[in-house]
Amino acid sequence: MASLEIKFKRASKIYKEGDTVKGSVSITSKDSITHNGLSLMMEGAVNLQLSAKSVGMFEAFYNSLKPIQIIQYSVELAKPGKIPSGTTDIPFELPLKPKSGKKLHETYHGVFVNITYTLRCDMKRSLLAKDLQKTSEFIVEYGDSATKAMDKPVDFCITPESLANVKERNNVPDFKVTGKIDTVNCCITKPFTGELCVERCSAPIRSIEIQLVRVETCGCAEGYARDPTEIQNIQIADGDVCRGVMIPLFMIFPRLFTCPTISTSTFKVEFEANIVIVFQDDHLVTENFPITLHRL
């Protein structure tokens, strides 16, 4: 039984626009193989989908959510012929450049938006033998200088009066939480940092958490579907914290599930950070901070 394997010369598999993706296709077989050609295809695409709650609202829109091709081209690695037994390595070099009129976006694995880049190797064989295929994903990082911004610190003060969307304000205990986020223009390779202080609270606190949320928007002329989903939730304080003590905020942005903030005519990927205070009776209050991610 023959097998294909795609080996990247760069162990990290991380590339930027203009780089050359180098490596080799390894063919392993106990016996010699007759084939009708060996090809390698580089593909990059943005795949969009609607959440279940949006499908019924946008029937026409649902049918228009086709993948957006960013890169698509192939090269012939070997003409039809025979490959000897054992292991044969065939080197390749492919330039990483988008299709005309398209722009590279960073690799991103979301819920309703997915941006992926792959190499696919195909070996065509005779009718009696099964074709062989192997696909391997590589990662694209894209630093756009236009999105870089100066640090933008934000001071906050959370009280019952500052909360939005509270139906029964009388049930919210009297409290005051102040603090600072070091910047809401965040470099994706650096941690999200800041500090907060519980100045007063009439009810015992169970937990204080930072929640990272992605907001994915898919749309066209028929309308837009905007869906927030949680990426991670990090506890920064456990139990009824001391009043008047500064508590540091610290959160690492997870690779692949975050990317520099994207805004195009057909889709957007944005991010928010929530500070969540959970009281002993399981009531919670949330303060929301939109953040912009970029890569240096």
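Residues numbered from 1 in each chain as written. Predicted model: local features only at pLDDT ≥ 70, side-chain atom pairs only at ≥ 80, totals over all residues. Heavy atoms only, no water.

Visitor: With reference to specific residues and values, describe the overall build of the protein.
Guide: Assigned secondary structure in the protein consists of two helices and 21 strands. Taken across its 296 residues, the protein has 46% of its residues classed as buried. For the protein, restricting intrachain contacts to residue pairs at least 6 apart in sequence, the fraction spanning at least 24 positions comes to 71%. Surface summary for the protein: the accessible area is close to 15300 Å², and the carbon and sulfur share equals 51%. (Helix = DSSP H or I, 4+ residues; strand = E, 2+ residues; numbered from the N terminus. Buried < 20%, exposed > 50% of the residue type's maximum accessible area, 1.4 Å probe, protein only. Contact = heavy atoms within 4.5 Å. Areas by Shrake-Rupley, 256 points an atom, 1.4 Å probe, with all protein chains shown as cover.)

Visitor: Before we move on, could you go through the sheet that holds strand β3 (residues 20-29) and cite the residues and values that matter?
Guide: Read across the open sheet, the three strands follow the order β1-β3-β8; overall the sheet is antiparallel. Edge positions in the sheet fall to β1 (3-8) and β8 (86-95), since each of these pairs with one other strand and no more. Within this sheet the neighbouring strands show an average axis-to-axis angle of 25°, counted without direction. Sheet topology note: the β3/β8 ladder contains 10 bridges and is antiparallel. Across the sheet, residue Gly-23 finds its bridge partner in β8, namely Phe-92. (Pairing = 2+ DSSP bridges. Axes fitted to C-alpha atoms, helices over the stretch in contact; angles between N-to-C directions.)

Visitor: Can you tell me about the environment of Leu-96, naming the residues and giving the values?
Guide: Structurally, the position occupied by Leu-96 is in the loop between β8 and β9 (108-109). In sequence terms Leu-96 and Glu-17 are 79 residues apart; their C-alpha atoms lie 5.6 Å from each other. Apart from the residues within four sequence positions on either side, Leu-96 is in contact with Tyr-15, Lys-16, Glu-17, Gly-18, Asp-19, Val-21, Met-42, Ile-71, Tyr-73, Leu-104, Phe-138 and Val-140.

Visitor: How would you sum up the packing of aromatic side chains? Please name residues and give values.
Guide: Each aromatic ring pair is characterised by the separation of its centres together with the angle its planes make. Per the stated rule, a full pass over the model turns up seven aromatic pairs. For the ring pair Tyr-117 and Phe-138, a centre distance of 6.1 Å and an interplane angle of 40° mean the geometry is tilted. Of this pair, Tyr-117 sits in strand β10 (residues 113-123) while Phe-138 sits in strand β11 (residues 132-140), and the two are 21 residues apart along the sequence. Judged by relative accessible area, which is 0%, Phe-138 ranks as buried. Here Phe-156 and Phe-289 contribute two aromatic rings whose centre-to-centre distance is 5.3 Å and whose plane-to-plane angle is 55°, an arrangement assigned as tilted. Linking Phe-156 in strand β12 (residues 154-158) with Phe-289 in strand β21 (residues 284-294), this pair joins segments that are 133 residues apart in sequence. The rings of Phe-8, Tyr-15, Tyr-117 and Phe-138 are connected pair by pair, giving a single aromatic cluster. (Phe/Tyr/Trp six-rings, centres within 6.5 Å; stacked < 30°, edge-to-face > 60°.)

Visitor: I'd like to hear about unusual backbone geometry, residue by residue, with values.
Guide: At Leu-256, a position not held by glycine, the phi torsion is positive, near 75°. Leu-256 sits in the partly exposed class, given a relative accessible area of 22%. Phi at Asp-282 takes a positive value of approximately 75°, unusual for a residue other than glycine. Take Asp-282: it is sitting in the loop between β20 (267-279) and β21.

Visitor: Outline the pattern of salt bridges, listing residues and values.
Guide: Per the stated rule, a full pass over the model turns up 16 salt bridges. Between Arg-10 and Asp-19 there is a salt bridge, and its shortest N-O distance comes to 3.3 Å. Judged by relative accessible area, which is 22%, Asp-19 ranks as partly exposed. In this structure, Arg-255 engages Glu-106 in a salt bridge whose closest nitrogen and oxygen atoms are separated by 4.0 Å. In this pair, Arg-255 sits in the loop between β18 (246-251) and β19 (262-263) while Glu-106 sits in the loop between β8 and β9, placing the two residues 149 residues apart along the sequence. When its relative accessible area of 32% is taken as the criterion, Arg-255 is described as partly exposed. The exposure class of Glu-106 is buried, given its relative accessible area of 2%. Counted as one network, the salt bridges with shared partners bring together Lys-16, Glu-106, Glu-141, Arg-255 and Arg-295. (Salt bridge = Lys/Arg side-chain N within 4 Å of Asp/Glu carboxyl O.)

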